[in-house]
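# Architecture at a glance
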Amino acid sequence: MATYILRRTLQAIPIIIGISVVVFAIVYLAPGDPTARFRTPKVPPEQIEALIRAYGLDRPVHEQYISWASTFFQVWNPDAWGYSFLSGDPVLEKVLYRVPPTLLLMGSALLVTIVVAIPVGMLAALRQYSLTDKVITTLSTFTYAIPSFLVGAYALYFGAVLLPELTNGAIKFPSFGMESLGSRGDPLDLLWHLILPVLTLSVISIAGWSRYMRSSMLDVLHQDYVRTAKAKGLPRRAVIYQHALRNALIPIVTLIGLSIPGLIAGAAITETIFTWPGLGSLFVEAVGTRDYPVVLALTMVGGVAVIAGNLLADILYGLVDPRIRY
Amino acid sequence: MTSDSDQTIRERWVASPSPAGGGTTRAGDPASSVDEVDLTPVRTYWELVRMRFRRHRPAVISVFVLAILVIYAVIVPLTTGEGYKDPNIRKVWDPAEIVITFDPFTVEAFAPLGYDEIGQNVFVRLAKATQTSLVIGVAAVLIIAGIGSFIGAIAGFLGGRVDNLLMRLVDIVLSLPVLFIILMIVSFFGTGDVSVVIIAIGITGWTLAARLIRGEFLTLRETDFVMAARALGVHSRRIITRHMLPSALSPLIVASALGVADSVVAEAGLSFLGFGISPPEASLGNMLNNAQTYFIRAPILIVWPGLVLILIVLSVSFIGDGLRDALDPRQKIESGS
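In this report, the structure presented in the accompanying data block is examined. (Residues numbered from 1 in each chain as written. Chains lettered and ligands numbered in written order. Predicted model: local features only at pLDDT ≥ 70, side-chain atom pairs only at ≥ 80, totals over all residues. Heavy atoms only, no water.)

## A closer look at the pattern of salt bridges
Applying the stated rule across the entire model yields nine salt bridges over all chains. R8 of chain A is the partner of D314 of chain A in a salt bridge, and the nearest nitrogen-oxygen pair spans 2.3 Å. Of this pair, D314 of chain A sits in helix 11 (residues 292-320) while R8 of chain A sits in helix 1 (residues 2-29), and the two are 306 residues apart along the sequence. Take D314 of chain A: its relative accessible area is 30%, and that puts it in the partly exposed class. For D171 of chain B, the salt bridge goes to R168 of chain B, with nearest N and O atoms at 3.1 Å. Here D171 of chain B and its partner R168 of chain B are both found in helix 5 (residues 160-175), three residues apart, which amounts to about one turn of the helix. Judged by its relative accessible area of 17%, D171 of chain B is buried. Through salt bridges with shared partners, a single ionic network connects R168, D171 and R211 of chain B. (Salt bridge = Lys/Arg side-chain N within 4 Å of Asp/Glu carboxyl O. Helix = DSSP H or I, 4+ residues; strand = E, 2+ residues; numbered from the N terminus. Buried < 20%, exposed > 50% of the residue type's maximum accessible area, 1.4 Å probe, protein only.)

This is the structure:
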């Protein structure tokens, strides 16, 4: 196992280098001068020259790339990711500050998805071709086609506009942010703020996961060992929970790893809709204001998350399925 | 794979005896006599595809839905021209109105969906937005199919080191955080520019098509007809374009159908975040964004662009499903159905 992880990590290195080249090239080729913001009549040209030299913008491309890429993995060094053009803060600090809200949002959404999708998919599989199954399958097919921002916009409307109107303000979900003014650290308040964005993120993944769970469960139910278990007179409960379910969950486990990058990207839109202070909304802000160091750092974080997610999926698969040998 | 099985299917149908021959009968049919002739028509591959597609009911319904959307997106902007960006201060937030004077038949006002915050006709604007989305979807898919089949074909045909190298490229593109990259390209190289949006979606989305084409080519490479073409000394480029690509068409078509849905959603997401197409130009995403800003005043406006978007995505993916089933020659057609 250890050698497998090591080998996979080594294989990821050229891919990470490839990603960094692509990301750097996009920023490098972007039209417009990074110092354009300073070119006002008040700033003397010598200072702009000094700025260009200070940022190393006068050096050839490959030197710029190497000096950026070589410091990227020095995470212990607070200056490693450079400074935000906008606020002047170290980028690393800025990014780290946004990690906990994103993890909280993603984790909650993942939890809700698992808790709902697995029983729903199981139910559909156990009653294949019944009305319940048809309703679940149809609903999940249609829900899966709805783009996340649409769900977000509708959730915001229902939770923050329609419900308060209908209940005369008794139930009013907060429409933005992570905490109400003056109630920092109050877990109930945080939970209240979490509901709408988590709902938005999980609705679509529940649709996808339950379909996946249904087909995985159906696969298992048709296996010989399930028939054997039934034939030897085991109670239905034991057949389902001990023989079928445990094996049906194996492919689901890999979904957890594979959905992490999607959750980061999907969260970019959801976080923006609900102004959740996470990585995704930071990226949207940074890209809009052309804050290049922040954009570069976050895109790299996103790329590493994709690779780590894939690796995690494979490792989990090996852990839960004893038939897999590395 | 396709061409091979295509051949067998055609042979099977063609092999059914012609009435003139009058010889063979259906084997295993107890009621058959020497005079009875198999009248099963000779069907080509594409006729069979059409038959199989018709059996996929959601796909057939989707073709109609999509056709209606396309007609709406073509006709309304044609008849109203630039009308979709005309503000009208007297009609701000006006509800639906349809005014037709029958004496000299003229349509004075046709706004079944009402007006928005600056008095633009929502029905006309939605038509233009649908058009924008469909154009972007189709154009992005042309790029996706182009790059995908080019890279997939070269990797699958040449194999070996080239294949290895190109597949590493696919791995890199697959590992990119796609939404972030699209946002970067669109925001840095021209917010609001339709062609930048198309290119951004296209150059990040070709990996599935490339993988499918490559897989198909790896098997096709070993088939007899490709071997024969090689033995005859046909130029590689000609083998790829004339012999192998047509046989690898079905995965490309399926990947393209899925690509249209993804591209339409990607554009709407971009415009929704304010990076894609910006007003006064119309797109489903920016209409949604706008509706969200004013949804306390006019909540209904968020429904229309969302509905069109869902209809496009659903119908395109059902058509993709239908095509996948129909293009697979291993699917049987029961006679009489």
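## Topic: the packing of helix 5 of chain B against helix 8 (residues 207-220) of chain B
Residue and element names in this part refer to chain B. The interhelical angle for the contact between helix 5 and helix 8, taken along N-to-C directions, is 150 degrees, at an axis separation of 10 Å. Between helix 5 and helix 8, the interaxial angle falls into the category roughly antiparallel. Handedness of the crossing formed by helix 5 with helix 8: left-handed. Where helix 5 approaches helix 8, its residues D163, M167, V170, D171, V173 and L174 are matched on the opposing element by T207, R211 and R214. When grouped by side-chain class, the residues that make up the contact of helix 5 with helix 8 number four nonpolar, one polar and four charged. (Axes fitted to C-alpha atoms, helices over the stretch in contact; angles between N-to-C directions. Parallel < 35°, antiparallel > 145°, perpendicular 65-115°, else oblique. Left-handed = near helix turned anticlockwise from the far one by under 90°. Contact = heavy atoms within 4.5 Å. Nonpolar A, V, L, I, M, F, W, Y, C, P; charged D, E, K, R; others polar.)

## A closer look at the interface of chain B and chain A
Counting residues at the interface gives 35 residues for chain B and 42 residues for chain A. By the criterion of area lost to chain A, the three top residues of chain B are F180, M184 and F188 of chain B, representing 22% of everything that side buries. Linking chain B with chain A are zero salt bridges, by the criterion used here. Our count for the chain B to chain A interface comes out at four residue pairs in polar contact (both at pLDDT 80 or more). Contributing elements (two or more residues each) for the side of chain B that touches chain A: helix 5, helix 6 (178-189), helix 11 (249-273), helix 12 (284-293) and helix 13 (303-327) of chain B. Considering each element in turn, the side of chain B that touches chain A owes the most residues, nine residues, to helix 6 of chain B. (Buried area = accessible area lost by both parts, 1.4 Å probe. Polar contact = N/O pair within 3.5 Å; in protein donor to acceptor, adjacent residues only side chain to side chain.)

## Notes on the nonpolar core
Formed by 137 residues in total, the largest nonpolar core has its most connected members in M184, F188 and F217 of chain B. No other element matches the 16 residues that helix 4 (residues 122-158) of chain B contributes to this core. Of the domains in this structure, domain 1 (2-71) and domain 2 (92-320) of chain A are the two that each give at least three residues to this core. The residues contacting F188 of chain B, other than those within four sequence positions of it, are I26, V27, A30, P31, V287, R290, Y292 and V295 of chain A. The next biggest cluster of nonpolar side chains, apart from the first, holds 21 residues, and it includes L110, L218, V226 and V239 of chain A. (Core = buried A, V, L, I, M, F, W, Y, C linked by side-chain atoms within 4.5 Å. Domains from an automatic or database assignment.)

Nothing here speaks to function; it is all geometry.
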